[in-house]
Amino acid sequence: MRVIKSPAWVYYFTDTETQFDKEKVGKWMYFFKDRHFIEKICKEAIEKNIVKECKHSNAKDGVSCFYLNDDDIEGHKRVIDFFLENNLISKTKKGKLYNISFKHDTQTLAGEYGNDYQSNINLEKFVNLETGAWIKE
């Protein structure tokens, strides 16, 4: 595993070359409040081959990003499983999972945030938000 720190980000990479398609690459995100926790999570994501690349804000709180191509269905399943196992998906007051979204890097580069951001890859395509059970294909 390689770790690269910059003033804004801490990047984690596998030792093998990652090949992302510029038009397909994106991330599942987790917003954290505990720097030590997210460092452990990012290292584990690389060590367990959940993703080949991830990063988090170089601050005590912020955002972490777990990268893959949008057409990597098995990759989406690995990341979602990892998120569920580590309680990285918040729940509503009624216990329903929030319908988090995969965000393409092209959307980030275009400045799509908040209400301007729409995703066609959401958690509900993979998991029943009420029960957390996988949806059969």
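Right above here is the structure, for reference.
Residues numbered from 1 in each chain as written. Predicted model: local features only at pLDDT ≥ 70, side-chain atom pairs only at ≥ 80, totals over all residues. Heavy atoms only, no water.

Trainee: Would you mind showing me how to read the pattern of salt bridges here?
Mentor: Two side chains of opposite charge can pair, provided their charged atoms sit close to one another. Taken as a whole and assessed by the stated rule, the structure comprises 7 salt bridges. Ionic pairing is found between R35 and E39, a salt bridge with its closest N-O pair at 2.7 Å. With a gap of 4 residues between them, R35 and E39 both fall in helix α1 (residues 35-47), about one helical turn apart. A salt bridge links K40 to E44, with the nearest nitrogen and oxygen atoms 3.6 Å apart. Highlighted residues: K40 and E44, both in helix α1, separated by 4 residues, approximately one helical turn. (Salt bridge = Lys/Arg side-chain N within 4 Å of Asp/Glu carboxyl O. Helix = DSSP H or I, 4+ residues; strand = E, 2+ residues; numbered from the N terminus.)

Trainee: Any chance you could explain the sheet that holds strand β1 (residues 2-5) here in plain terms?
Mentor: Strand pairs in the sheet, formed through backbone hydrogen bonds, run parallel or antiparallel to each other. Across the sheet, which stays open at both edges, the 6 strands sit in the order β1-β2-β4-β5-β3-β6 with antiparallel pairing between neighbours. Each having just a single partner strand, β1 and β6 (102-104) make up the two edges of the open sheet. On average, each strand axis in the sheet is tilted by 25 degrees relative to the strand beside it, whichever way the strands run. Two elements, strand β3 (residues 25-32) and strand β5 (residues 62-69), share 8 bridges in a ladder whose sense is antiparallel. (Pairing = 2+ DSSP bridges. Axes fitted to C-alpha atoms, helices over the stretch in contact; angles between N-to-C directions.)

Trainee: What is the right way to read the side chain of N122 from this model?
Mentor: Topologically, N122 is positioned in the segment after α3 (105-109). The exposure class assigned to N122 is buried, which follows from its relative accessible area of 13%. Once residues lying within four places of it in the same chain are set aside, the contact partners of N122 are W28, N99, I100 and S101. (Buried < 20%, exposed > 50% of the residue type's maximum accessible area, 1.4 Å probe, protein only. Contact = heavy atoms within 4.5 Å.)

Trainee: Mind showing me how you'd approach the packing of aromatic side chains here?
Mentor: The relative placement of two aromatic rings is captured by the distance of their centres and the angle of their planes. Following the criterion strictly, the structure yields 6 aromatic pairs and no others. Residues W28 and F126 carry aromatic rings whose centres are separated by 6.5 Å and whose planes lie at 70 degrees to one another, so their mutual orientation is edge-to-face. Highlighted residues: W28 in strand β3 and F126 in the segment after α3, separated in sequence by 98 residues. Looking at W28, the relative accessible area reads 0%, which means it is buried. (Phe/Tyr/Trp six-rings, centres within 6.5 Å; stacked < 30°, edge-to-face > 60°.)

Trainee: Help me understand the pairing of β3, please; the structure alone is not making it clear to me.
Mentor: Side-chain positions along a regular strand alternate between the two faces of the sheet. Of all 8 residues in β3, 6 are buried, a share of seventy percent or more. Here β3 runs beside β6; their pairing, made up of 3 bridges, is antiparallel. Bridging from a neighbouring strand, G26 pairs with H104 of β6.

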